[in-house]
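# Close look at the chain arrangement
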Amino acid sequence: MTNNEFVVQGPYPDDAELTGYTPKLPTKERHYTLKTAGFWVRFWAFLIDSLVISAVIGICINPIFHLMDWSLSDSAWYAPISIISAVIYYLYFVLMTKFLGQTLGKMAFGLRVVSLKHETLSWSDVIYREWIGRFISNFIKLLYVFVAILPNNQGLHDYFADTMVVHEKIYVEKDFEQPVPTTQKTVKQPEMIEESTKE
């Protein structure tokens with residue numbers, strides 16, 4: 001850039017004739033995004049998952065406890081049946097979500113967990129969501145109500161991991177307003193005429 005040029009940024013409607021710049025208005029484009037899963041469909045998916053976990057414990061664990069003559073009725077958190085049930089419960093959600101992106105309950109309703117930060121779910125996403133976040137939500141059941149009232153139907157465990165549950169094959173239309181691009185125009189600076197003063 002020479003000394004007699006300067007740069008004009010952005011639209012200048014008053015100088016449109018001088019610069020040859022025609023201002024552009026924001027344009028709206030149609031964008032389609034996967035629909036988020038609401039409270040009730042996620043509730044029914046969770047119910048199916050709970051039945052699957054109960055069936056696994058009933059088929060695989062209970063016979064061993066009967067064979068060893070261990071108590072199945074002890075409800076204390078430190079009881080062997082409570083610890084084994086919790087391990088199976090959390091392993092089910094962690095491993096299914098990490099490797100498939102969905103549990104059997106979510107498969108039945110066509111739902112999938114997606115990350116808002118990464119292309120695919122990372123181990124940290126899954127552990128924060130399915131272990132830490134789910135543990136807190138299970139401890140305070142009322143926290144699951146957040147799924148019904150918060151934007152994008154995110155629960156507390158979704159906020160922990162920056163994830164969202166979506167329908168796999170249902171899309172919704174969203175208006176996307178394109179911002180006005182910032183342009184640069186080079187304009188010749190008017191020459192300065194120096195007046196000589198004579199004494």
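Up top is the structure.
Residues numbered from 1 in each chain as written. Predicted model: local features only at pLDDT ≥ 70, side-chain atom pairs only at ≥ 80, totals over all residues. Heavy atoms only, no water.

### Considerations on the pattern of salt bridges
What the rule picks out here adds up to 6 salt bridges. The partner of Asp158 in a salt bridge is Arg129, with the nearest N and O atoms 2.8 Å apart. Highlighted residues: Asp158 in helix α7 (residues 156-161) and Arg129 in helix α5 (residues 123-139), separated in sequence by 29 residues. Both residues of the pair, Asp158 and Arg129, belong to the buried class. The structure contains a network of salt bridges with shared partners spanning Arg42, Arg129, Glu130, Arg134 and Asp158. (Salt bridge = Lys/Arg side-chain N within 4 Å of Asp/Glu carboxyl O. Helix = DSSP H or I, 4+ residues; strand = E, 2+ residues; numbered from the N terminus. Buried < 20%, exposed > 50% of the residue type's maximum accessible area, 1.4 Å probe, protein only.)

### Quick look at the environment of Phe46
With respect to the element layout, Phe46 can be found in helix α2 (residues 39-67). Each C-alpha atom of the pair Phe46 and Gly105 lies 6.0 Å from the other, and the pair is 59 residues apart in sequence. Every residue in contact with Phe46, bar those within four places of it in the chain, is listed here: Tyr89, Phe93 and Arg134. (Contact = heavy atoms within 4.5 Å.)

### Quick word on α5
Helix length check: α5 (17 residues) gives 23 Å between terminal C-alpha atoms against 24 Å at 1.5 Å per residue, within 8%. Its axis deflected by about 35 degrees at Gly133, α5 carries its strongest bend there. (Expected span 1.5 Å × (residues − 1). Bend = angle between axes of the 7 residues up to and from the residue.)

### A word on the nonpolar core
One finds Ile53, Ile57, Ile61, Phe65, Ala79, Ile81, Tyr89, Tyr90, Tyr92, Phe93 and Met96 forming the largest nonpolar core, which totals 11 residues. Ranked by residue count, the leading element in this core is helix α3 (residues 80-100), at 6 residues. Counting 9 residues, the second largest nonpolar core, distinct from the first, contains Val41, Val94, Leu111 and Val165. (Core = buried A, V, L, I, M, F, W, Y, C linked by side-chain atoms within 4.5 Å.)

### Section: the layout of surface pockets
Put simply, the largest pocket is a space of about 460 Å³. Along the wall of the largest pocket there are 14 residues; nearest its centre are Ser82, Ala86, Val87, Tyr90 and Phe135. For the lining of the largest pocket, the elements supplying multiple residues, two or more each, are α3 and α5. Counting residues per element, the lining of the largest pocket draws most heavily on α3, at 8 residues. Each residue belonging to the lining of the largest pocket can be placed in one class, and the counts come to 10 nonpolar, 3 polar and 1 charged. Of the pockets and cavities examined, the second largest pocket occupies roughly 330 Å³. What lines the second largest pocket is a set of 16 residues, among which Arg42, Phe43, Phe46, Arg134 and Tyr144 lie closest to the centre. Broken down by secondary-structure element, the contributors of at least two residues to the lining of the second largest pocket are α2 and α5. By residue number, the principal contributor to the lining of the second largest pocket is α2, which donates 7 residues. When grouped by side-chain class, the residues that make up the lining of the second largest pocket number 9 nonpolar, 1 polar and 6 charged. (1 Å grid on protein atoms, 1.4 Å probe; cavity = no way out; pocket = protein on both sides within 12 Å on 5 of 7 lines; lining within 4 Å. Points joined across faces, edges and corners; volume = space filled by probe spheres on them. Nonpolar A, V, L, I, M, F, W, Y, C, P; charged D, E, K, R; others polar.)

### Structural notes on the packing of aromatic side chains
The geometry of an aromatic ring pair is captured by the separation of the ring centres together with the interplanar angle, meaning the angle of the planes. Applying the stated criterion across every chain yields a total of 11 aromatic pairs. Look at Phe99 and Trp123: their rings are 5.7 Å apart centre to centre, the planes differ by 85 degrees, and that puts the pair in the edge-to-face class. Here the residue Phe99 occupies a position in helix α3, and Trp123 occupies one in helix α5, the gap between them amounting to 24 residues. Looking at Trp123, the relative accessible area reads 40%, which means it is partly exposed. (Phe/Tyr/Trp six-rings, centres within 6.5 Å; stacked < 30°, edge-to-face > 60°.)

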